[in-house]
Amino acid sequence: MHLPKRVTIFEMGARDGLQNEAAHVPTDVKVAFIDRLSATGLRWIEATSFVSPKAIPQLADASEVFARIRKAPGVRYPVLVPNLKGYARARAAGADAIAVFTAASETFTQRNINMSIAQSLDVFREVVAQAKADGVWVRGYVSTAFGSPFGDVVTAQSVVDVSVALMAMGCDALSIGDTIGVGVPSQVAELVPQLAAQIPLERIAMHFHDTRGTALANVYAALQCGIAAFDASAGGLGGCPYAPGATGNVGTEDVLYLLHGMGIETGVDLAAVRAASRFIAGALDHALTSKAFAALEAADARATAAS
Ligand code: COA
Ligand code: ZN
């Protein structure tokens, strides 16, 4: 079996994670969380979201967060942008990497960004053209790639069509998302080769949520298909307020534990990610869901108690 030797992790905790928290997380805490993530070896940290503050009040402080984080050399900090207004705000704050986002489900796209998929592609065509002219790196998200929270049918072909459209308008890379955590490995094994027939594999990341416990199995299935980039969230934070029932991203600690255990390099220090997760957990009203985080914390506590 030929698994990739090296994998890139896109850290989602500060955006996909914090956009879904009920507790108010102060700007200082967000900045300190991202600064801790910057010291872990992660090369891609999605920092925040320049969407409508009415849609996502949790990230209404995007401009301040982005301006205040310490940008570590060699680390990129993409931000979510839904339209030209968001793009202008992101640029004013200093962003040089953005992510646009649409979906394979028509109903989800309507609820999430108040556009049809076709309308969203028209909006993003303008955003991406502007970004390319400005030398800004662009990622395109395809959400709900394995199922919709609203029951409308999502086919692999619809995922491929949206993906191809995003690449054609100039996106540098894609993230294919199981927003509600319904996918299983056989679906991953079916979808990835269809994407790879049209788009270079090295431009595709997979984004799994662990809502039904299948995220790590899906990561493994994607590795077997040659995918070498994954989105993950420190401590397993995350979810989308517009996707009822969706829980967090697969935990960064869980993915690192799996990859490092199989001898796959990431360049990321698992203990340092745990420290960042421990820090943000102190600002939340619930325990973190990452199993590797919980197990490694408990093992450390036992070792400390015994010494
Ligand atoms: N940043 C700040 N404000 C914005 C904005 C942006 N990127 N885009 C729109 N707005 C403001 C408008 O100025 C307008 O304000 P007003 O009511 O004070 O005049 C208001 O939001 C409505 O603007 P409109 O263009 O009509 O947008 P809409 O109501 O159709 O909403 C989106 C469309 C895309 C802006 C909104 O649905 C959104 O931000 N969704 C993001 C959802 C999300 O982040 N989900 C999680 C990620 S998966
Ligand atoms: Zn997500």
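**Some words on the packing of helix α9 (residues 215-224) against helix α10 (residues 252-261)**
Then step 1. Running from amino to carboxyl end, α9 crosses α10 at an angle of 45 degrees, the nearest separation of the two axes being 11 Å. For the element pair α9 / α10, the angle class is oblique. Of the two elements, α9 crosses α10, and the hand of that crossing is right-handed. Between α9, through Leu216, Val219 and Leu223, and α10, the contact on the second element is made entirely by Asp254, Val255, Leu258 and Leu259.
Then step 2. Within the contact of α9 with α10, the residues separate by chemical class into six nonpolar, no polar and one charged.

**Re the nonpolar core**
Then step 1. Formed by 101 residues in total, the largest nonpolar core has its most connected members in Ile98, Ile176 and Met206.
Then step 2. Of all the elements, helix α7 (residues 156-168) adds the most residues to this core, at seven residues.
Then step 3. The contact partners of Ile176, leaving out residues within four places of it in the chain, are Val142, Ala145, Val159, Ser163, Leu191, Leu195, Ile204, Ala205, Met206 and His207.
Then step 4. With six residues, the next largest nonpolar core counts Phe108, Ile180, Ala243 and Ala246 among its residues.

**Considerations on helix α4 (residues 84-93)**
Then step 1. Looking at α4, one finds that the buried residues are Gly86, Tyr87, Ala90 and Ala93. Down the axis of α4, the sector holding all buried residues measures 130 degrees, keeping them to one side. Summarising the geometry of α4, the exposed residues directed more than 90 degrees from the buried face are Lys85 and Ala92.
Then step 2. Those residues of α4 hidden inside the fold are in contact with α3 (62-68), β4 (79-80), β5 (97-103) and α6 (117-133).
Then step 3. A positive backbone phi angle near 105 degrees is found at Gly94, which sits one or two residues after α4.

**Quick word on the side chain of Asp178**
Then step 1. In this structure, Asp178 sits in strand β7 (residues 173-178).
Then step 2. Buried Asp178, no salt bridge; nearest opposite-charge side chain is Arg212, N-O distance 6.8 Å.
Then step 3. For Asp178, the residues in contact, after removing those within four places along its chain, are Phe146, Gly183, His207, Phe208, His209 and Asn218.

**Points about the site of ligand 1**
Then step 1. Taken together, 19 residues surround ligand 1, and among them Lys54, Lys85, Arg89, Asn112 and Asn114 come closest.
Then step 2. The side chain of Asn112 places a nitrogen or oxygen atom 2.8 Å from a nitrogen atom of ligand 1.
Then step 3. Contact with the protein chains removes 67% of the 930 Å² of surface that ligand 1 exposes when unbound.
Then step 4. Put simply, the parts of the chain that give the shell around ligand 1 at least two residues each are α4 and α5 (106-113).
Then step 5. At three residues, α4 tops the list of elements feeding residues into the shell around ligand 1.
Then step 6. Taken together, the residues that form the shell around ligand 1 break down as nine nonpolar, six polar and four charged.

**Side note on the packing of aromatic side chains**
Then step 1. Enumeration according to the criterion identifies four aromatic pairs in this entry.
Then step 2. With a centroid separation of 4.5 Å and an interplanar angle of 40 degrees, the aromatic rings of Trp44 and Trp137 are classed as tilted. Pair noted here: Trp44 is in strand β2 (residues 44-45) and Trp137 is in strand β6 (residues 137-143), with a separation of 93 residues, a long-range link.
Then step 3. Exposure remark for Trp44: the relative accessible area of 15% places this residue in the buried category.

**Describing the sheet that holds strand β1 (residues 8-11)**
Then step 1. Read from one edge to the other, the open sheet built from nine strands follows the order β2-β1-β9-β8-β7-β6-β5-β4-β3, with strand pairing classed as parallel. Of all the strands in the sheet, just β2 and β3 (48-49) have a single pairing partner and so form its edges.
Then step 2. Two strands pair when backbone bridges link them, and β5 and β6 are joined in this way by seven bridges, in the parallel orientation. Directly across from Phe101, in β6, lies its bridge partner Tyr141.
Then step 3. Across the sheet, α6 touches β5 and β6, and the angle it forms with β5 is around 170 degrees.

**A look at the coordination of the zinc ion (ligand 2)**
Then step 1. Every protein donor of the zinc ion (ligand 2) is listed here as Asp16 (OD), His207 (NE2) and His209 (NE2), and their distances to the metal cover 2.0 to 2.1 Å.
Then step 2. Read N to C, the donor residues that coordinate the zinc ion (ligand 2) are spaced as D-x190-H-x1-H.
Then step 3. We classify His209 as buried; its relative accessible area is 1%.

**A closer look at unusual backbone geometry**
Then step 1. The phi dihedral of Asn114 is positive, around 60 degrees, even though this residue is not glycine.
Then step 2. With respect to the helices and strands, Asn114 occurs in the loop between α5 and α6.

**Concerning α10**
Then step 1. Buried residues of α10: Thr252, Glu253, Asp254, Val255, Leu256 and Leu259, and no others.
Then step 2. Looking at the buried side of α10, the elements it contacts are β1, α9, β9 (229-232), α11 (270-281) and α12 (291-306).
Then step 3. Trailing α10 by a residue or two, Gly263 shows a phi angle of about 80 degrees, which is positive.

Calculation rules
Residues numbered from 1 in each chain as written. Chains lettered and ligands numbered in written order. Predicted model: local features only at pLDDT ≥ 70, side-chain atom pairs only at ≥ 80, totals over all residues. Heavy atoms only, no water. Axes fitted to C-alpha atoms, helices over the stretch in contact; angles between N-to-C directions. Helix = DSSP H or I, 4+ residues; strand = E, 2+ residues; numbered from the N terminus. Parallel < 35°, antiparallel > 145°, perpendicular 65-115°, else oblique. Left-handed = near helix turned anticlockwise from the far one by under 90°. Contact = heavy atoms within 4.5 Å. Nonpolar A, V, L, I, M, F, W, Y, C, P; charged D, E, K, R; others polar. Core = buried A, V, L, I, M, F, W, Y, C linked by side-chain atoms within 4.5 Å. Buried < 20%, exposed > 50% of the residue type's maximum accessible area, 1.4 Å probe, protein only. Arc of directions from axis to C-beta. Lys, Arg positive; Asp, Glu negative; His and termini not counted. Salt bridge = Lys/Arg side-chain N within 4 Å of Asp/Glu carboxyl O. Near = heavy atom within 4 Å. Polar contact = N/O pair within 3.5 Å; in protein donor to acceptor, adjacent residues only side chain to side chain. Areas by Shrake-Rupley, 256 points an atom, 1.4 Å probe, with all protein chains shown as cover. Phe/Tyr/Trp six-rings, centres within 6.5 Å; stacked < 30°, edge-to-face > 60°. Pairing = 2+ DSSP bridges. Donors = N, O, S within 2.8 Å, 3.2 Å for Na, K, Ca; no water.

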